[in-house]
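# A structural walkthrough
Residue-level listing of the chains:
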Amino acid sequence: TKRNTRDGVFQEHSSNPIENIVLNEDDWFLYPAKVGNMLTFVYFHKDFMVHGFALSNLFELAKEDEYIGKKPDIIYIFGYPDGQKEKRTFYYKDKKNDILIGYANHCDDIDYFGYMKKMLLTLHNVKQMEFNRLPIHGAMVNIALKNGKEANIIIMGDSGAGKSESLEAFRTLNEKYIRHMRIIFDDMGYLKKEDDGTIKGYGTETGAFVRIDDLDPAYAFGQLDRGIYMNLDQVNGRVTIPVATYDVISKGYKVDYMLYANNYESADQKIHFYTNLDEAIEVFEAGARKAKGTTTEKGLVKSYFANPFGPVQEKEKAGKLIRQFFTDMYKNGVKIGEIHTELAIEGRTKDGPREAAEELFTLINND
């Protein structure tokens, strides 16, 4: 692909970008996706076919009876030739039809799968907040240990914080500790308060869009028969691989551990828990991380709630939801803390996540 990183955040637009456009059948494809529980029509131009097909490893394809004659929650037009050479990526709230509309114009700058995936997740997250659910930029895993203990863990953090790498570390520790491990989400999910007051986590994607550099080479190339690979010869080369089934990501799992991924500070104790709720919320909302080259950012950066895909755009709404959900989790005995992945520290890319994963297993074992 012509680009290898994504830049900026998607902003809300005041006018409907698809009001007067016509999509020529010869030039356009439609992928009807289930992004979490949102029916999403992704229209992509044939010039960006690689990104359209890569969706098949990331989002469940809706069945015919789920989309024929049905109104979508979300529409995304990807690669519309509007005559502008500059990149135009934004979304619009069609309140009359209750549909969120994403738009990316036809230009070289959007020729990177991050523009496909992250816009869809932004639209999903904005929509979920309308239903008073809290979007989480992170990874959630359901782990059953060999001694019979089980735990549902969320590791939250922005791009390059060590979410996927921690899951990868869990996977490599599989034989030693784990009976089974289910990935609920690898990059984006959401929290929902159930009728009985418990907080459960749900996933959005059935696949993962992972940096090849951060994977064990044997595992990365063991996926050749099912992975969709992009820019293998470059920094931030990526593979999109299936990691879960739609049944699993949409089931809902009670949260036991809520951890913030700290990739920039080393610590002897890799995991610590907060006794002060305000302090915990402050760390999660600050969203600090050391950029790792997955976007155009450099150095120590912050993004609100580590999530530039919804909460940044709807900060006031997100702020209320964060306080509500963290208060409820705290009351329900969810352990809220920080995990030091050390992913951005020189020479700690592999050992940092592995040591943090081992410490986490020890904690679960002793609980």
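All of the points below concern the structure found in this document. (Residues numbered from 1 in each chain as written. Predicted model: local features only at pLDDT ≥ 70, side-chain atom pairs only at ≥ 80, totals over all residues. Heavy atoms only, no water.)

Pairing is mixed in the open sheet, where seven strands are placed in the order E1-E6-E7-E5-E3-E2-E4. Among the strands making up the open sheet, the edge pair consists of strand E1 (11–12) and strand E4 (60–61). Relative to strand E3 (residues 38–45), strand E2 (residues 28–35) is paired through eight bridges, and the arrangement is antiparallel. Bridge pairing links Ala33 to Thr40 in E3. (Pairing = 2+ DSSP bridges. Helix = DSSP H or I, 4+ residues; strand = E, 2+ residues; numbered from the N terminus.)

On to the pattern of salt bridges, then. Applying the stated criterion across every chain, the model contains 25 salt bridges. Glu355 is the salt-bridge partner of Arg348, the closest N and O atoms lying 2.7 Å from each other. Each of Lys117, Lys118, Asp187 and Glu205 takes part in salt bridges that share partners, so that together they form one network. (Salt bridge = Lys/Arg side-chain N within 4 Å of Asp/Glu carboxyl O.)

This brings us to the layout of surface pockets. A water-sized probe, rolled over the atoms, reveals where empty space remains. Considering only enclosed or pocket space, the largest pocket measures out at about 250 Å³ in volume. Lining of the largest pocket is provided by 17 residues; of these, Glu168, Arg171, Ile183, Tyr219 and Val243 occupy positions nearest its centre. Of all the secondary-structure elements, those providing two or more residues to the lining of the largest pocket are helix H4 (163–172), strand E10 (178–185) and strand E13 (207–211). For the lining of the largest pocket, the element with the highest residue contribution is H4, accounting for five residues. Its residues assigned to classes, the lining of the largest pocket comprises nine nonpolar, two polar and six charged. (1 Å grid on protein atoms, 1.4 Å probe; cavity = no way out; pocket = protein on both sides within 12 Å on 5 of 7 lines; lining within 4 Å. Points joined across faces, edges and corners; volume = space filled by probe spheres on them. Nonpolar A, V, L, I, M, F, W, Y, C, P; charged D, E, K, R; others polar.)

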